[in-house]
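# A closer look at the structure
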Amino acid sequence: SSLETKFFGCGAAHFVEHMIFKGTHNLETGKIEQEIADLGGYINAYTTFDYTLYKIVATCDNIDRALEIMADMIFNASFREEDFLMERNVILKEIKLGQDDINRRFSQLVFSSSYQNHPYKYPIIGDEELFKNITRDGLLSYYHQNYIPNNVILSICGSIEEKATLNKVKEIFDKVKPGNQPVSFFIDEARQIAAANIQKKENVQLCRLAFSYKSVSISDPYLYCLDVLSYILGGSE
């Protein structure tokens, strides 16, 4: 969601995740989950600030079909108008449920206070008013721009025969042509020169308190030390 460019704050990445499951030009709505279940497995997905992940778990002897389904749903999603409208309503309900959850509201307050410019300030699911501006055509253009082979990492593990599996991957995915790589850019935060204190009063039974610290770049070697420290300081009760 942090790479949505002109869709910043709209929750486009999460919306696409929903649409991927609604069917392809080869598989009707509901058929994806059903076929994976028939393979003795399950399918799931989630969206973060930095990537969207799709996961299929199936018995190893069904890996070829699992790969075919994965390629079909990722690169050949249908985005039917009726599915778009239905999932739009589903996500709007999810947004409102999130607004009813004090912990989610608190988390969003922390992020929107910590980031003034960077798109991390927006919830992954999208701001309700910005989300309502997404059209099917706009979402489809976002999908076609980002869901290209040169913007995807495919990971496989299990009791598989490596050479045969790689050959199958090439057979299936070579049919999909690379596209123009989306331009990723990161918005620098202005330097914070004083402490910021954000308070919000609500009619709830428990008080919530968070400290957010400006930290190092993701490429800084101290990042790993700070990860360990975060688990020591906040990884348990």
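Here's a quick rundown of the structure. Bear in mind the structure is a predicted one, so any value in this text is a computation, not a measurement. (Residues numbered from 1 in each chain as written. Predicted model: local features only at pLDDT ≥ 70, side-chain atom pairs only at ≥ 80, totals over all residues. Heavy atoms only, no water.)

## Side note on a nonpolar patch on the surface
- A cluster of nonpolar side chains, Val216, Tyr222, Leu226, Val228, Leu229, Ile232 and Leu233, forms an exposed patch at the surface whose accessible area comes to about 700 Å².
- Mapping Leu229 onto the fold places it in helix H9 (residues 222–234). (Patch = residues over 30% accessible without salt bridge, like charges linked within 9 Å, V, L, I, M, F, W, Y side chains within 5 Å. Areas by Shrake-Rupley, 256 points an atom, 1.4 Å probe, with all protein chains shown as cover. Salt bridge = Lys/Arg side-chain N within 4 Å of Asp/Glu carboxyl O. Helix = DSSP H or I, 4+ residues; strand = E, 2+ residues; numbered from the N terminus.)

## Regarding unusual backbone geometry
- In this structure, Thr5 takes a positive phi of about 45 degrees despite not being glycine.
- Considering the arrangement of structural elements, one finds Thr5 in the segment before helix H1 (12–20).
- Looking at Thr5, the relative accessible area reads 29%, which means it is partly exposed.
- The residue Phe79 is not glycine, and still its phi comes out positive at about 50 degrees. (Buried < 20%, exposed > 50% of the residue type's maximum accessible area, 1.4 Å probe, protein only.)

## Thoughts on the pattern of salt bridges
- Per the counting criterion, the structure on display carries 13 salt bridges.
- Here Glu87 ties to Lys22 by a salt bridge, and the two come within 3.3 Å at their closest N and O atoms. One end of the pair, Glu87, is in helix H4 (residues 81–99); the other, Lys22, is in the loop between H1 and helix H2 (31–38), and 65 residues separate them in sequence.
- When its relative accessible area of 8% is taken as the criterion, Glu87 is described as buried.
- Notably, a salt bridge pairs Arg65 with Glu68, separated by 3.1 Å at the nearest N-O pair. Placement of the pair is Arg65 and Glu68 together in helix H3 (residues 63–75), with a separation of 3 residues, close to one helical turn.

## A short note on the nonpolar core
- Among the nonpolar cores identified, the biggest contains 43 residues, and Val16, Ile20, Tyr54, Met73 and Leu139 are the most heavily contacted of them.
- Within the residue set of this core, elements represented by two or more residues are H1, H2, strand E1 (42–47), strand E2 (52–57), H3, H4, helix H7 (136–146) and helix H8 (162–173).
- With 9 residues, the top contributor of residues to this core is H3.
- Residues within four places of Leu139 in sequence aside, it is in contact with Ala12, Phe15, Val16, Met19, Phe79, Phe84 and Ile134. (Core = buried A, V, L, I, M, F, W, Y, C linked by side-chain atoms within 4.5 Å. Contact = heavy atoms within 4.5 Å.)

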